[in-house]
Amino acid sequence: MMIRRLSPLARRARRKRLRAAGAALLLAGLAFATWFARPLPAQSVPLVQVIDGDSLIVWHDGARVTIRLTGIDAVEYRQLCTRADVRWPCGREARQALERLAGRGPLHCALTTRDRYGRTLASCRTAPLPDGVDLGAEMVRQGWAVASDADYRDEEAGAEAARRGIWQGDFAAHADWRAAHARPATASDGLIRRLERGINGV
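These numbers come from a predicted model, not from an experiment. (Residues numbered from 1 in each chain as written. Predicted model: local features only at pLDDT ≥ 70, side-chain atom pairs only at ≥ 80, totals over all residues. Heavy atoms only, no water.)

By size, the foremost hydrophobic cluster in this structure holds 36 residues, and its most contacted members are L56, I67, L107, C109, L135, M139 and I166. Here this core gets six residues from one element, more than from any other, and that element is helix α2 (residues 90-102). (Core = buried A, V, L, I, M, F, W, Y, C linked by side-chain atoms within 4.5 Å. Buried < 20%, exposed > 50% of the residue type's maximum accessible area, 1.4 Å probe, protein only. Helix = DSSP H or I, 4+ residues; strand = E, 2+ residues; numbered from the N terminus.)

Here is the structure:
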């Protein structure tokens, strides 16, 4: 069987086509990476109610939406902490701290997916970038929440070093507290239902 050899001109043309295809693939990959890495657009949403230290209710597309702030884990609303050997309602104070930060709204939130409890995961600010306050970062910085991913580790370290918020004394890890106080509904579900009944006038 004879192998047909390409002429030098044909080989150069083939190499040129391969280089062009490779460049097109590279550009497509860079474009995809740039699109994937860019932050999600934030939407202005009226604030309805703060539920606890990392959850709140907003109006979005004509409906109430329960938001869980991403990147943080705040003490639960019913959770107690200890400072100077005295137990204190750190969960309630965490909620009050988020109420102060959020104010009357509106908030500017980048909404993503839902968690297993049906809450919409989002990062929220008090004003559009580059202004305003990142609610998650500030809750961690003030010591009312811990960082649940790498985004707010510096804020957590600063709060612990300065003994702000829950770092004033001892507290149970929030996941451990939830496990110890597990019930069919989540800790905040009853509060959410009461707030929503109040909103609807029921």
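Read across the sheet, six strands follow the order β1-β8-β9-β4-β3-β2 without closing on themselves; strand pairing throughout is mixed. One side of each edge strand has no neighbouring strand; the edge strands of this open sheet are β1 (43-45) and β2 (47-50). The average angle at which neighbouring strand axes cross in this sheet is 45 degrees, direction not considered. (Pairing = 2+ DSSP bridges. Axes fitted to C-alpha atoms, helices over the stretch in contact; angles between N-to-C directions.)

Inspection of every chain in the model, using the stated rule, returns two aromatic pairs. Aromatic side chains W88 and W144 sit 6.0 Å apart centroid to centroid with 70 degrees between the ring planes, which places their arrangement in the edge-to-face category. Here W88, found in strand β7 (residues 86-88), pairs with W144, found in the loop between α3 (135-141) and β10 (145-147); they are 56 residues apart in sequence, far enough to count as distant. A relative accessible area of 4% places W88 in the buried class. Relative to F171, the ring of W167 has its centre 5.1 Å away and its plane inclined at 85 degrees; by these criteria the two rings are edge-to-face. Taking the relative accessible area as the measure of exposure, F171 reaches 25% and is therefore partly exposed. (Phe/Tyr/Trp six-rings, centres within 6.5 Å; stacked < 30°, edge-to-face > 60°.)

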